[in-house]
Amino acid sequence: MAEYAEKTNNYNTVVNGKILYYSFLAGANQLLQHQAEINKINVFPVNDKDTGTNLAATVRSVLDNIKPHKSYKTTVNEIAEAALVGARGNSGVIFAQFLYGLSCETKNKAGINITEFAESVCRSIPYIYRAISNPVEGTMLTVIKEWAEFLNTKKEKIHDFKNVIIDSFYVLEKSLSETTFKLKVLNKSGFVDAGAKGFVLFMKGIIDFVRTGNIRQLAVGFQTNISLIHPEHMVDQEITYRFCTEAIIKNLRVGHAEIQKIVSKNGDSVVVAGSETICRIHVHTNRPAELFQELKACGTITFQKVDDMVRQQEAATKRKWNIALVTDSSCDLAQELIDYYQINVVPLNLNFGDNHFLDKVTMIPDQFYDMLESATEFPKTSQINEQTFTNLYSHLASHYDAVIAIHLTSQFSGTFSNSAKAAKRISKEFNKPVYVIDSKNLSGALGLLVLKAAKNIEAGQTADSIVKMITDDRAQTKIFVSVRDLKYMIKGGRVSKPKGFIASLLGFNPVISMDEQGKSLLFGNTFSQHSSLKKIMSHIEDISRRKTVWNYIVLHAHNPEGAEKTAQDMRQLIGKNAASIVDISPVIGMHAGNGSIAISLLLTN
């Protein structure tokens, strides 16, 4: 601490890497503390109330991935790289691009003075404008630009770094307040631009730190709000493009201009940021799957993120209930039910070779089975990371009283574990309950648990009672999968090649189910899919004599005719229609295989 205190005395003339690191930490703290406030005033470019969440996610990525370093150049490079990788949303990507420009325009020095800093900030502005297909003034762009212009006017006259930074806050506040009158949508609402406010709050954290130089205060944070116009009413805006879509593309085979052309024809709010070797895209689109099928020819897609802005807007202004419901994409449930109950579905990751896709979002069944047949490598899946859940829960906690998440069996994925870690973090941060449940199942069986939880939320039950009910009902949930072709289970390693070869020769069609611990088990073997379905029906008939079927879902892997026939048989047997008939999630279908049919049940005593 003594060593750091001694170095901060030089803040008046020179800033080194450690001072930059702790300054960034101070700014990030301000954003994290005020993300809910920023969300509330987010009306441009889309009224989806997530700008605070996105900026918070962007700075979290930096805080989680870098450490203090004595060199200013090293530190600014690491900040820029971490921000670019972790950036979310329109404002997050623009902020990351500004930091990237700053890193590119900073000389390779351990410390820099106010003149060098001001010049690097000014030269960073074109990086932002080049990245945006349609730059709009009266936003974060304008505030950063006007702040840079102020620094530029002072760089030769005043050599006191500390005083220049402190004095610049007046310019930031003035520029921010003027955004209300520069954009029609902001003028109508009376709000300032949310992204611009996020940047000003970030700078306020830095300026407060510059004044004190006290690291201990960073743990406590600053509670003072900026006093600006904050009307309470919400602006109801129609969302033209539903999905806020982002990706990182490496090993580029085309330039940024070509990528920007491809992205622009698929939507709006286009930002193409990054360097010559790595590209970060942001776009609002209705066709993320089609977009990424085209983008995969431009390079290696190593990361994708797609947020449903309709669901985000519902959370902020149109939520039906005060408990949010979350699941992952292995949950197979009809889209109309997901939309009616405002269920937040987080996609699992699906990789074909080096290219990354999102289950059900940027990789849909129609595309998936074609690629499954033609790909030289069998696809792989990976769990949803903790950061993804942290971002989602921080947004939901800004608007709901409680969050309930129900996930696929922890025996198959670390998704449940990552969700639980994020829930603990956000529950503490917002002082709101975030419950995470291991369903010990997947697909339609998970879908039924989610559907029952949704109906109980609709009925007005408490979060605690719903969590208990779902935990108790796990053992009453069943799924039976009739596999038509074993080759997919063999390719995916679910069945060994020798056993698979023998089984194929004998013409076996296995029936796969789940045990109470969430592990897969072989329910039986037959010599045709017709026989395996008959075996499943016989077992369900036996169960239904002893217990009541609360509801059921029929699932298929690109086999709608077989699913419809199975649904008719189930209707005759159970006396009610299926809750859903669903084309199974690609992450499940890759193992069950094309043509598979499954039935899931939720029983009551």
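Note that this is a predicted model, so its numbers are computed, not measured. (Residues numbered from 1 in each chain as written. Predicted model: local features only at pLDDT ≥ 70, side-chain atom pairs only at ≥ 80, totals over all residues. Heavy atoms only, no water.)

A. A look at unusual backbone geometry. Cis peptide bonds are those with omega within 30 degrees of zero, and the linkage from Phe44 to Pro45 qualifies with 0°. With respect to the secondary-structure elements, Pro45 resides in the loop between helix H3 (35–40) and helix H4 (51–65). Despite not being glycine, Ser269 shows a phi value in the positive range, around 55°. With respect to the helices, strands and loops of the structure, Ser269 is situated in strand E4 (residues 267–274). Notably, Lys360 is not glycine yet its phi reads approximately 70°, a positive angle. Relative to the helices and strands, Lys360 resides in the loop between strand E10 (355–358) and helix H17 (365–374). The exposure class of Lys360 is partly exposed, given its relative accessible area of 28%. (Helix = DSSP H or I, 4+ residues; strand = E, 2+ residues; numbered from the N terminus. Buried < 20%, exposed > 50% of the residue type's maximum accessible area, 1.4 Å probe, protein only.)

B. Highlighting the packing of aromatic side chains. A full pass over the atoms with the stated rule returns 15 aromatic pairs. Between Phe368 and Tyr369 the ring centres are 5.0 Å apart and the planes differ by 75°, which places this aromatic pair in the edge-to-face class. For the residue pair Phe368 and Tyr369, the accessibility class agrees, reading buried in each case. Among the aromatic side chains, those forming a connected cluster through ring pairs are Phe24, Phe95, Phe98, Phe117, Trp147, Phe161, Phe199 and Phe202. The cationic tip of Arg130 hangs over the ring face of Tyr127; the distance from NZ or CZ to the ring centre is 5.0 Å. Sitting over the face of the ring of Tyr340, Lys320 holds its NZ or CZ atom 3.8 Å from the ring centroid. (Phe/Tyr/Trp six-rings, centres within 6.5 Å; stacked < 30°, edge-to-face > 60°. Lys NZ or Arg CZ within 6 Å of the ring centre and 35° of its normal.)

C. Summary view of the nonpolar core. Counting 90 residues, the largest nonpolar core has Ile281, Leu295 and Tyr393 as its most contacted members. With nine residues, helix H20 (residues 443–458) is the single largest residue contributor to this core. Among all residues touching Ile281, those that are not within four sequence positions of it are Thr245, Glu246, Ala247, Ile249, Ile259, Val263, Val271, Val272, Phe292 and Leu295. In terms of nonpolar packing, the next biggest core, distinct from the first, is built from 78 residues, Ile94, Leu151, Ile165 and Leu201 among them. (Core = buried A, V, L, I, M, F, W, Y, C linked by side-chain atoms within 4.5 Å. Contact = heavy atoms within 4.5 Å.)

D. View of the side chain of Ser413. Here Ser413 shows up in the loop between strand E12 (402–407) and helix H19 (415–430). Polar side-chain contacts of Ser413 include one of 2.8 Å to the side chain of Thr415. (Polar contact = N/O pair within 3.5 Å; in protein donor to acceptor, adjacent residues only side chain to side chain.)

E. Structural view of the environment of Ala454. Relative to the elements of secondary structure, Ala454 occurs in helix H20. Each C-alpha atom of the pair Ala454 and Ile338 lies 9.2 Å from the other, and the pair is 116 residues apart in sequence. The contact partners of Ala454, leaving out residues within four places of it in the chain, are Leu325 and Tyr341.

F. Fine view of the pairing of strand E18 (residues 580–583). With burial as the criterion, only one face of E18 is covered, namely that bearing Ser580 and Val582; the residues Ile581 and Asp583 on the opposite face remain uncovered. Direction of pairing for strand E17 (residues 548–556) relative to E18: parallel, over a ladder of four bridges. Looking at E18, one finds that His556 is bridged to Asp583. You can see the chain leave E17, run along helix H25 (residues 560–574) and come back into E18, and the turn it takes is right-handed. (Pairing = 2+ DSSP bridges. Right-handed = clockwise from strand over helix to strand, strands pointing away.)

G. How the structure looks around the pairing of strand E19 (residues 597–604). Most of E19 sits inside the fold, with seven of its eight residues counted as buried. Direction of pairing for E17 relative to E19: antiparallel, over a ladder of eight bridges. From the neighbouring strand, Tyr552 faces E19, where its bridge partner is Leu601.

H. Representation of the confidence of the model for the protein within the structure. Per-residue confidence for the protein gives a mean pLDDT of 86; residues scoring 70 or more make up 88%. With pLDDT under 50 throughout, residues 1–9 is counted as low confidence; its partners more than four residues away or in other chains account for twelve contacts. With pLDDT under 50 throughout, residues 219–235 is counted as low confidence; its partners more than four residues away or in other chains account for 44 contacts. (pLDDT = per-residue confidence, 0-100.)

I. Looking closely at the packing of helix H13 (residues 256–264) against helix H14 (residues 288–295). At a closest axis distance of 10 Å, the pairing of H13 and H14 adopts a crossing angle of 155°. With respect to H14, the axis of H13 lies roughly antiparallel. In the packing of H13 onto H14, the handedness of the crossing is right-handed. Each of Ile259, Ile262 and Val263 in H13 lies in contact with H14, whose residues at this interface are Leu291, Glu294 and Leu295. For the contact of H13 with H14, the class distribution of residues is five nonpolar, no polar and one charged. (Axes fitted to C-alpha atoms, helices over the stretch in contact; angles between N-to-C directions. Parallel < 35°, antiparallel > 145°, perpendicular 65-115°, else oblique. Left-handed = near helix turned anticlockwise from the far one by under 90°. Nonpolar A, V, L, I, M, F, W, Y, C, P; charged D, E, K, R; others polar.)

J. The arrangement of the pattern of salt bridges in detail. Overall, the coordinates contain 28 salt bridges when judged by the stated rule. Several salt bridges converge on common partners, so that one network encompasses Arg88, Glu246, Arg280, Lys305 and Asp307. (Salt bridge = Lys/Arg side-chain N within 4 Å of Asp/Glu carboxyl O.)

K. Examining the sheet that holds strand E11 (residues 380–382) more closely. Strands sit in the order E10-E9-E11 across an open sheet of three strands; the sheet is antiparallel. Where the open sheet ends on each side, the last strands, each with one partner, are E10 and E11. Taken pair by pair, the neighbouring strands of this sheet meet at an average axis angle of 30°, ignoring direction. Pairing analysis gives four bridges linking strand E9 (residues 349–352) to E10, with the strands arranged antiparallel. Its bridge partner being in E10, Asn349 is matched across the sheet by Leu358.

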